[in-house]
Amino acid sequence: MASNMPGFILRNCTAWVDRISKLGQIGDVTLPVPQAKVEEMRNAGMVMPIEVSLGYEKLEAGIKMPGLDPQVLKLFGLAPGIETPLMITGATVDEDGTTHSAVANLRGFIKQADPGNWKPGEMAENDYQFSVRYYKLEIDGNPIFEMDAFDVKIGGVSQNAGIRNAMLLE
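Residues numbered from 1 in each chain as written. Predicted model: local features only at pLDDT ≥ 70, side-chain atom pairs only at ≥ 80, totals over all residues. Heavy atoms only, no water.

## Concerning the packing of aromatic side chains
Working definition: an aromatic ring pair is given by the centre-to-centre distance plus the angle between the planes.
Step number 1: In this structure the tally under the stated criterion is one aromatic pair.
Step number 2: Taken together, a centroid distance of 6.4 Å and an interplanar angle of 40° make the contact between Tyr 135 and Phe 145 tilted. Pair noted here: Tyr 135 is in strand 9 (residues 126-139) and Phe 145 is in strand 10 (residues 142-147), with a separation of 10 residues, a long-range link.
Step number 3: The class for Tyr 135 is buried, based on a relative accessible area of 2%.
Step number 4: Taking the ring centre of Tyr 134 as reference, the NZ or CZ of Arg 107 above it sits at 4.3 Å. (Phe/Tyr/Trp six-rings, centres within 6.5 Å; stacked < 30°, edge-to-face > 60°. Helix = DSSP H or I, 4+ residues; strand = E, 2+ residues; numbered from the N terminus. Buried < 20%, exposed > 50% of the residue type's maximum accessible area, 1.4 Å probe, protein only. Lys NZ or Arg CZ within 6 Å of the ring centre and 35° of its normal.)

What follows is the structure, encoded as structure tokens:
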């Protein structure tokens with residue numbers, strides 16, 4: 001019998017930056033937010049405008065750390081073509097006790113390394129913003145999103161296969 005209790009509640013998470021574990025060092029994580037790029041259109045004969053999807057907006061991610069981590073700071077400003085892997089793992093637990101794994105794999109580059117405000121007696125928060133070139137989110141090993149500059153897959157299914165076929169790419 002299916003449970004009616006809330007499920008997939010995030011209980012904890014961590015990150016690997018350039019394949020190095022940051023367990024206990026990450027304050028918070030912002031995963032990419034998939035968003036359709038839309039334009040409003042009202043053509044002849046239409047009585048109201050509609051929005052049409054013209055692809056997707058760029059992807060960004062971020063992590064906040066309470067310490068000045070030299071390994072992460074040195075990843076800012078790397079030469080063009082060098083991408084940094086970022087993996088975020090989360091444990092979600094249903095109210096019935098079932099535990100699930102959420103894994104986000106990203107590649108891109110650090111576009112901002114903000115050391116925050118320094119004040120004696122208070123912890124500074126370092127804010128790193130990533131320009132994301134590749135994003136894959138899986139829950140319990142099942143693909144949810146997989147996105148790069150050339151295709152978007154939802155649940156493992158390409159959303160652009162017809163367009164790619166029309167352009168003789170597949």
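Moving on from the coordinates now.
## Thoughts on the pattern of salt bridges
Step number 1: Tallied over the entire structure, the rule returns eight salt bridges.
Step number 2: With a shortest N-O distance of 2.3 Å, Lys 111 and Glu 60 are connected by a salt bridge. Of this pair, Lys 111 sits in strand 8 (residues 99-114) while Glu 60 sits in strand 6 (residues 59-65), and the two are 51 residues apart along the sequence.
Step number 3: On the accessibility criterion, Lys 111 (35% relative accessible area) is partly exposed.
Step number 4: Glu 60 gets classed as partly exposed once you look at its relative accessible area, which sits at 34%. (Salt bridge = Lys/Arg side-chain N within 4 Å of Asp/Glu carboxyl O.)

## Regarding the nonpolar core
Step number 1: One finds Ile 63, Ile 88, Leu 106, Tyr 128, Phe 130, Val 132 and Tyr 135 to be the most contacted residues of the largest nonpolar core, which totals 21 residues.
Step number 2: The element that contributes the greatest number of residues to this core is strand 9, accounting for five residues.
Step number 3: Residues within four places of Leu 106 in sequence aside, it is in contact with Pro 32, Ala 61, Thr 84, Pro 85, Leu 86, Ile 88, Val 132, Tyr 134 and Tyr 135. (Core = buried A, V, L, I, M, F, W, Y, C linked by side-chain atoms within 4.5 Å. Contact = heavy atoms within 4.5 Å.)

## Here we look at the side chain of Lys 22
Step number 1: Within the element layout of this structure, Lys 22 appears in the loop between strand 2 (20-21) and strand 3 (28-30).
Step number 2: A distance of 2.6 Å separates the side chain of Lys 22 from the side chain of Gln 71, its partner in a polar contact.
Step number 3: Setting aside anything within four residues of it in sequence, one finds Lys 22 in contact with Thr 14, Ala 15, Val 17, Met 65, Asp 69, Gln 71 and Val 72. (Polar contact = N/O pair within 3.5 Å; in protein donor to acceptor, adjacent residues only side chain to side chain.)

## Regarding unusual backbone geometry
Step number 1: Phi is positive for Asp 140, which is not a glycine, with a value near 55°.
Step number 2: Within the secondary structure, Asp 140 sits in the loop between strand 9 and strand 10.
Step number 3: Its relative accessible area of 39% is what places Asp 140 among the partly exposed residues.
Step number 4: For Leu 168, which is not a glycine, the phi torsion comes out positive at approximately 60°.
Step number 5: As for its placement among the helices and strands, Leu 168 is situated in the segment after helix 2 (161-166).

## Here's the deal with the environment of Asp 127
Step number 1: Tracing the sequence through the fold places Asp 127 in strand 9.
Step number 2: In this structure Asp 127 comes out as buried when scored by relative accessible area, which is 17%.
Step number 3: Residues Asp 127 and Glu 60 lie 67 residues apart in sequence; the distance between their C-alpha atoms is 13 Å.
Step number 4: Every residue in contact with Asp 127, bar those within four places of it in the chain, is listed here: Ile 63, Lys 64, Gln 112, Ala 113 and Asp 114.
Step number 5: Side-chain polar atoms of Asp 127 contact the side chain of Gln 129, separated by 2.8 Å.

## Details of the pairing of strand 8
Residues in a regular strand point their side chains to alternate faces of the sheet.
Step number 1: Taken together, the 10 bridges between strand 7 (residues 84-93) and strand 8 define a ladder with antiparallel strand orientation. Residue Met 87 lies in a different strand from strand 8, and its bridge partner there is Asn 105.
Step number 2: Turn length for the strand 7-strand 8 hairpin, with the two strands adjacent in sequence and antiparallel, is five residues, and the turn residue Gly 97 shows positive phi of about 100°.
Step number 3: Examined bridge by bridge, strand 8 and strand 9 share 12 bridges and lie antiparallel to one another. (Pairing = 2+ DSSP bridges.)

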